[in-house]
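Fold and geometry: a report
If you want the building blocks of each chain, they are given just below.
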Amino acid sequence: MDKIILGKKPVERITYPNDAPPPIRFAAEELQTYLKESLNVEIDVEKGVPAKGAFFISTSELNPEVAADAGPFEEGKYDRCIVSCRDDCVFMIGENPVSALYAVYDFLQDRLNIRFFAPGREHEYIPTHSALHLENGFVLQTGSRFVIRDYVTNNSETLSFAVKNRVNTIKWEGLNCDAKDLETIRAHGVKLRGPGHIWSLFVPDESLFEKHPEYFPMLDGRRTVNHRTACFSNPEARRIFIQKLRNYLRENPYWDIFAFWAEDVKDPYYCGCPKCTDMEIPDWYITLVNEAARVVEEELPHAVFEFIAYHGTRFTPKQVKKLYRNGENMLFNFCIGYTRDLYNPFEKKTYGSAEVFEMYQNWRNYLSDVGFKGQIMIMDYYNLCEEPNQGPRGRALLWPMEVIREDVRFYLKEGIDGVGDWICFDRLCWPSPFNVWCWLQLWKNPDTTVEALKDDFYPKYFGEVGDDVRKYMDELEAAMHQRTSPENIEQVKALTQMLDSIQPSQRNDQLVHRLKLVRIHHEYCVLLKEIFQAFSENAPEKWQALEKPYMTFFEETHRSDLEGHIDIP
Ligand SMILES: [Zn+2]
């Protein structure tokens, strides 16, 4: 029996142009894989031209005539693609190679109801179908509202998950990317962004200290080797710094976005010598940015140069009011969590957000004053880097998705070009993958609602008990976000009754385990609340008694259940 039918004809192969770049070839393989999973159909992949009875995957650059027939891409979106059925052929056309890959993933989601909820096949929802019927005249147009959609990871499975949800940039963790990882990234067609905190490689080598202490930063009146800054007012120290940058770029020429970040330390200054203290950190930073940007342009002409508002540079320069080439090939990254009130929209300027908003506004004004022509992105920290055993921050990995939506919409309104995560996890599917997945959907389309995404997620991930789990999660979030008190703790504890009542009718091991994870998470919520209460009461005995269950929660007590759902140290 024919499984894929377009009009009245079977679709029996996947083709792509002879000279297709790796992402298009990869897109064809991905389409083949998921069609097999969902329809149990074996379908060949081959080089070829558009033909009846075929999927044809390409880009508007490789096949302008085909793209023209498919019609214009949607206005106001990025990495756009069109899937259209015409002349008994399924055309999947991206405006660039990664968009051809998105065409496949978006088609699979639209027509076969597949979802990519989290890294790893076990977190994907792949319903089986007996057949797929398509009609000539069918058109699916998709695109994303932000130019840059960045995900921090070094993990290939996480990368794959992110790209399936239209992430187009990977912030690589580490100072180098090896050939194998690079191949994976190129196959996906995404941009490689990094290295980030890299100044330790560029500052003058310790061996020079004896002969040239003047290259090194002055700390409390003494020259010191700190492996992260130099006496930047010394021209020779700066020359060494820039030369080392050049050498590094020659050895690591693969960055699409070169992220030039100082080391991750809150310095009072880069160097405390009288000459350096004539200017503050932001001025020295921009001085170095301007020199480094020229070198990056010379060595990696296609790369974008990224600079950052973070730690000492969250404040604007006072003296240096010029950016290399007006920043036309630069990306400015706001990384300003600090005192931000993450449980209320940024735009409201409530609590500490007012202070952070001022930093934001000052930088926007600075960029505008210097005639900045580059792009701007924001990296957000909704989970506060809450990792197992990092301390009782009390959020229990429950993110305020409605607030995140408001923030994303605000960024769009502000003309921000890019968004990025700082999730700190390769996998965060606990208590469920909803939050991370929801965040990525909002990057694609900030006009969608959190409730609509819940409608989509819960029945697919939790099956017949989806509605019950959703109700429980809503109540849990409400209780967890309330002020901690003995009554509040009782309220959180009482939610076990809701959990007890959630009983799937059929034996389904995967669902049983997912529900168990929700229950373990509830235990974690109670524990965090109790610890917080003990702190507030200044009751060290109570706190000490809770220390052990807390410290062993991930590594020992629940390791076997949680592994594969959350990174465990
Ligand atoms: Zn100095």
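Residues numbered from 1 in each chain as written. Predicted model: local features only at pLDDT ≥ 70, side-chain atom pairs only at ≥ 80, totals over all residues. Heavy atoms only, no water.

1. What about the overall build of the protein chain?
Note the following rule: The secondary structure listing takes helices from DSSP runs of H or I that are at least 4 residues long and strands from runs of E that are at least 2 residues long, numbered from the N terminus. The atom set for the radius of gyration is the C-alpha atoms, and the globule formula is 2.2 Å times the number of residues raised to the power 0.38. Each residue is placed in one exposure class: buried if its accessible area under a 1.4 Å probe, protein chains only, is under 20% of its type's maximum, exposed if it is over 50%, and partly exposed if it falls in between. Values of accessible area rely on a 1.4 Å probe in the Shrake-Rupley scheme; residue burial ignores everything except the protein chains shown. In this charge count, Lys and Arg are treated as positive and Asp and Glu as negative; neither His nor the chain ends contribute. By convention, the charge on Lys lies at NZ, on Arg at CZ, on Asp at CG and on Glu at CD.
Within the protein chain, the secondary structure is distributed over 19 helices and 21 strands. Here the protein chain has a C-alpha radius of gyration of 26 Å; the compact-globule value for 569 residues is 25 Å, and the two agree. On the principal axes, the C-alpha backbone points of the protein chain span a range of 80 × 65 × 40 Å. Looking at the protein chain residue by residue over its 569 residues, the buried ones come to 57%. In the structure as shown, the protein chain presents an accessible area of about 24200 Å², 47% of it carried by carbon and sulfur atoms. Side chains of the protein chain give 66 positive and 88 negative charges; the mean places of these two sets differ by 3 Å.

2. Looking at the pairing of strand β12 (residues 148–152)
Using the following cut-off: The pairing criterion is simple: DSSP has to find at least two bridges between the two strands. Crossovers are described as right-handed under a simple rule: with the strands pointing away from the observer, the path leading from the first strand over the helix to the second runs clockwise.
A large share of β12 lies buried, amounting to five of its five residues. Of the two faces of β12, the one holding I148, D150 and V152 and the one holding R149 and Y151 are both buried throughout. In terms of strand pairing, β12 meets strand β21 (residues 418–421) through three bridges, oriented parallel. Paired with D150 across the strands is G420, a residue of β21. Relative to strand β13 (residues 169–171), β12 runs parallel, the two sharing three bridges. By the bridge assignment for β13, V152 is matched with K171. Crossover connection from β12 via helix α4 (residues 156–164) to parallel β13: handedness right-handed.

3. Remarks on α4
Residues that lie three or four places apart on an α-helix share one face, since the helix turns once every 3.6 residues. Test applied: By the criterion applied in these results, polar contacts are pairs of N or O atoms within 3.5 Å in which, for protein atoms, one can donate a hydrogen and the other can accept it, and in which residues neighboring in sequence qualify only through two side-chain atoms.
In terms of residue burial, α4 counts as a mostly covered element, since seven of its nine residues are buried. Structurally, the start of α4 carries an N-cap: the backbone nitrogen of E157 is 2.8 Å from a side-chain oxygen of N155. Taken from the residues just after α4, R166 is the one with a positive phi, measuring 70°.

4. Focus on the coordination of the zinc ion
Stated precisely, the cut-off is as follows: Nitrogen, oxygen and sulfur within 2.8 Å of a metal are treated as its donors, or within 3.2 Å for sodium, potassium and calcium (Na, K, Ca); water is not counted, so a site can appear incomplete. Only two sets of limits are used to name each site, 85 to 135 degrees for every angle of a tetrahedral four-donor site, and over 155 degrees for opposite donors with all other angles from 65 to 115 for a square planar four-donor or octahedral six-donor site, with any other site named irregular.
Every protein donor of the zinc ion is listed here as C231 (SG), C271 (SG), C273 (SG) and C276 (SG), and their distances to the metal cover 2.3 Å. Each of the four donor atoms bound to the zinc ion contributes to angles spanning 104 to 113°, and the resulting shape is tetrahedral.

5. Comments concerning the packing of aromatic side chains
What counts is decided by this rule: When two rings of Phe, Tyr or Trp (its six-membered ring) have centres within 6.5 Å they constitute a pair, described as stacked for plane angles under 30 degrees, edge-to-face for angles over 60, and tilted for the intermediate range. Look at NZ for Lys and CZ for Arg. If either is within 6 Å of the ring centre and within 35 degrees of the ring normal, a charge sits over the ring.
Counting across every chain of the model gives 57 aromatic pairs. Between F332 and F334, the ring centres sit 4.9 Å apart and the planes meet at 85°, which makes this aromatic pair edge-to-face. With a relative accessible area of 1%, F334 lands in the buried category. Between R314 and the ring centre of Y338, over which it is positioned, the NZ or CZ distance is 4.4 Å. Over the aromatic face of F357 sits the side chain of K349, whose NZ or CZ is 4.6 Å from the ring centroid.

6. Quick word on the environment of E477
We apply this condition: Two residues qualify as a contact provided that any one of their heavy atoms is within 4.5 Å of a heavy atom in the partner residue.
Mapped onto the fold, E477 is located in helix α13 (residues 466–481). Residues E477 and W399, 78 residues apart in the sequence, show an inter-C-alpha distance of 8.6 Å. Dropping the residues within four chain positions of it, E477 is found in contact with L398 and W399.

7. Overview of the packing of helix α10 (residues 401–413) against helix α11 (residues 434–444)
Note the threshold: Under this scheme, a helix contributes an axis fitted over its contacting stretch, all axes are lines through C-alpha atoms, and angles between N-to-C directions fall in the 0 to 180 degree range. Any angle from 65 to 115 degrees is called roughly perpendicular, while one under 35 is roughly parallel, one over 145 is roughly antiparallel, and all others are oblique. Handedness of each helix crossing follows the sense of rotation of the near helix against the far helix: counterclockwise by less than a right angle gives left-handed, clockwise gives right-handed. Each residue gets one of three labels, nonpolar for Ala, Val, Leu, Ile, Met, Phe, Trp, Tyr, Cys and Pro, charged for Asp, Glu, Lys and Arg, and polar for the others, Gly among them.
Interaxial distance between α10 and α11 falls to 10 Å at its minimum, and their mutual angle equals 20°. Relative to α11, the element α10 is oriented roughly parallel. The interaxial crossing formed by α10 with α11 has right-handed handedness. For the pair α10 and α11, contact is made by M401, I404, R405 and V408 and by F434, N435, C438, W439, L442 and W443, respectively. Partitioning the contact of α10 with α11 into residue classes produces eight nonpolar, one polar and one charged.

8. With respect to the domain arrangement of the protein chain
Stated formally: Each domain's extent is set by a domain assignment, obtained either automatically or from a database. Values labelled buried area give the accessible surface lost by two parts on being combined, using a 1.4 Å probe and summing over both. The rule for a salt bridge is simple: a side-chain nitrogen of Lys or Arg has to be within 4 Å of a carboxyl oxygen of Asp or Glu.
According to the domain assignment, the protein chain contains domain 1 (4–144), domain 2 (148–453) and domain 3 (459–562). Relative placement of domain 1 and domain 2: their C-alpha centres are 35 Å apart. Each partner contributes residues to the interface: domain 1 has 26 residues there, and domain 2 has 21 residues. Together domain 1 and domain 2 conceal approximately 1900 Å² of surface at their shared face, both sides included; 55% is due to carbon and sulfur atoms. Summed over the shared surface of domain 1 and domain 2, the number is four salt bridges. Notably, a salt bridge pairs D79 with R149, separated by 2.7 Å at the nearest N-O pair. Remark: the boundary between domain 1 and domain 2 carries twelve residue pairs in polar contact (both at pLDDT 80 or more). For the side of domain 1 that touches domain 2, the secondary structure elements donating two or more residues are α1 (22–39), β6 (78–86), α3 (97–112), β8 (115–116) and β11 (139–144).

9. As for the side chain of D421
When you line up the elements, D421 lands in strand β21. Buried and without a salt bridge, D421 has R193 as its closest oppositely charged side chain, separated by 7.0 Å. Polar contacts involving the side chain of D421 include one to the main-chain amide nitrogen of V152, which spans 2.9 Å. Excluding residues that lie within four positions of it along the chain, D421 makes contacts with D150, Y151, V152, M379, D380, W439 and W443.

10. Some points on the nonpolar core
Basically, it comes down to this: Residues grouped as a nonpolar core are buried Ala, Val, Leu, Ile, Met, Phe, Trp, Tyr and Cys residues, joined through side-chain atoms within 4.5 Å.
Within the largest apolar cluster, 193 residues are counted, with the highest numbers of intra-cluster contacts made by L35, F55, W199 and F307. It is helix α16 (residues 509–536) that provides the largest number of residues to this core, a total of twelve residues. When neighbours within four sequence positions are excluded, W199 is seen to be in contact with R228, F232, F241, F260, W261, A262, E263, Y270, Y285 and L288. Among the nonpolar cores identified, the runner-up in size contains nine residues, and A70, I82, C89 and I93 belong to it.

11. Things to note about the pattern of salt bridges
Applying the stated criterion across every chain, the model contains 47 salt bridges. Look at the salt bridges and you will find they share partners, linking E451, K454, D455, R470 and D474 into a network.

12. Examining the pairing of β6
Here β6 lies mainly inside the structure; eight of its nine residues are buried. As paired elements, β6 and strand β7 (residues 89–94) share six bridges and run antiparallel to each other. Bridging from a neighbouring strand, R86 pairs with C89 of β7. The hairpin formed by β6 and β7 contains two residues between the paired strands, and D87 there has a positive phi angle of roughly 50°.

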